[in-house]
Amino acid sequence: VDGQRIRYKGFWFKLEFITASEAIRAHYTPLPSDIILASFPKTGTTWLKALTSSILRHSSPLSSSSKDLDYLNPHEIVPFLEIEIFGENPSKDITEISCPSVFSTHLPLSFLPETVKTSGCRVIYITRHPADTFVSLWHLYNKFGTEISIRQAFDEFCKGLVPAGPYFEHVLEFWEARDRVMFVTYEDLKANPEETVRRIAEFLGCKIIVEKIVKECSFEKLKNTSKERGEGVHWSGTKYDMFFRKGVVGDWKNHLTQEMMKELEDLADLKWRGSGLDLNIFNRSASQ
Ligand code: A3P
């Protein structure tokens, strides 16, 4: 136990998330039509939600059942599995959710039911370079007025003492299931949005006009819409517009020292050794 969080099966969560994950494992059997968007916090979750909603809305085979999806408000139309269904104030019964159901989750793969791997549901995992993930998280801490130095926050991130942490293990679990899980990086999306969106749509079995989706879900468009709408508040207490900060790759250079970057590189080497996963996945398409 550390402050508000508890270490459970190797990951740090608030107690209610752990309870929710146990309920999900016990009661949730995904339908083949379910779509689960999984991520570590600050890796591009909101962007992936918006893109997925937009893809579903525009795709011909699914358009009738997804016509109400409002891609401009991704937090409302793509609920968090752990919060909406088994959270403190469950607002939906799992059996009442219409098809296709799209969920988002920060739970590690090992916290989800085994049937996620076998039911035919589609899981997309988005991840991001740990340095930029940390910097994004650090800015969120600041917005909440958390009084902690960047060095201390960084050390906690490296130790895994962050919501859903440790980062490296979270990514590794989904990486190891990548024959069944679609693995997307924030950097892929930034460097090559059309190609990445085309891959996502193909994975979902949707026919779409890629350019339209990319434009609809651009950083500026999502940020401005969120600003115009104003007051929406996410379950975590974060105002919707806080999910759109800078939206770039490499902001870590403005915050971390080379030594800190080296620490992250060493950790990735240590924790991902032998898995085929390394930090190069984050500059693959940027260098294409
Ligand atoms: P920064 O803080 O680096 O700007 P999450 O949704 O997982 O909380 O991730 C939030 C991060 O994704 C923030 O990163 C945010 O700015 C960025 N983001 C959100 N929408 C985006 C978009 N359409 N394009 C690029 N980045 C986006």
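Residues numbered from 1 in each chain as written. Predicted model: local features only at pLDDT ≥ 70, side-chain atom pairs only at ≥ 80, totals over all residues. Heavy atoms only, no water.

Engineer: What is the right way to read the environment of valine 197 from this model?
Structural biologist: Relative to the helices and strands, valine 197 is located in helix α9 (residues 193-204). Overall, the relative accessible area of 1% leaves valine 197 in the buried class. In sequence terms valine 197 and valine 210 are 13 residues apart; their C-alpha atoms lie 6.4 Å from each other. (Helix = DSSP H or I, 4+ residues; strand = E, 2+ residues; numbered from the N terminus. Buried < 20%, exposed > 50% of the residue type's maximum accessible area, 1.4 Å probe, protein only.)

Engineer: So what exactly am I meant to see when it comes to the packing of aromatic side chains here?
Structural biologist: Two numbers describe a pair of aromatic rings. These are the distance of the centres and the angle of the planes. Counted under the stated rule, the structure contains 18 aromatic pairs. Plain terms: the ring middles of phenylalanine 40 and phenylalanine 157 are 6.4 Å apart, the flat faces sit at 85 degrees to each other, and that makes the pair edge-to-face. Residue phenylalanine 40 is located in the loop between β3 (35-39) and α2 (45-58), and its partner phenylalanine 157 is located in helix α6 (residues 150-159); the two are separated by 117 residues in the primary sequence. The exposure classification of phenylalanine 40 matches that of phenylalanine 157, with both residues buried. Ring plane angle 70 degrees and centroid distance 6.5 Å describe the contact between phenylalanine 219 and phenylalanine 244, whose orientation is recorded as edge-to-face. One end of the pair, phenylalanine 219, is in helix α11 (residues 219-229); the other, phenylalanine 244, is in the loop between α11 and α12 (258-272), with 25 residues separating them in the sequence. (Phe/Tyr/Trp six-rings, centres within 6.5 Å; stacked < 30°, edge-to-face > 60°.)

Engineer: Can you walk me through the pairing of β3 in this structure?
Structural biologist: Each regular strand carries side chains that alternate between the two faces of the sheet. Counting buried positions along β3 gives five out of five residues, so the element sits mostly inside the fold. A two-sided burial pattern is seen for β3, the buried positions comprising Ile35, Leu37 and Ser39 on one face and Ile36 and Ala38 on the other.

Engineer: Sorry if this is basic, but what is going on with the confidence of the model for the protein here?
Structural biologist: Reading predicted coordinates in detail is not appropriate for stretches of low pLDDT. Averaged over all residues, the pLDDT of the protein equals 86, while 82% of them reach at least 70. Within the model, pLDDT remains below 50 along residues 62-69, and this stretch shows twelve contacts once partners closer than five positions in the same chain are excluded. Interface confidence for the predicted complex, given as ipTM, is 0.99, next to a pTM of 0.89. (pLDDT = per-residue confidence, 0-100. Contact = heavy atoms within 4.5 Å.)

Engineer: What is the right way to look at the sheet that holds β3 in this model?
Structural biologist: In sheet architecture, strand pairing relies on hydrogen bonds along the backbone and comes in two forms, parallel and antiparallel. Overall, parallel pairing links the four strands, which are arranged β4-β3-β5-β6 in an open sheet. This sheet does not close on itself; its edge strands, each paired only once, are β4 (102-105) and β6 (181-185). Pairwise comparison of adjacent strand axes, ignoring direction, gives a mean angle of 20 degrees for this sheet. The sheet contact formed by strand β5 (residues 122-127) and β6 spans five bridges and is parallel. (Pairing = 2+ DSSP bridges. Axes fitted to C-alpha atoms, helices over the stretch in contact; angles between N-to-C directions.)

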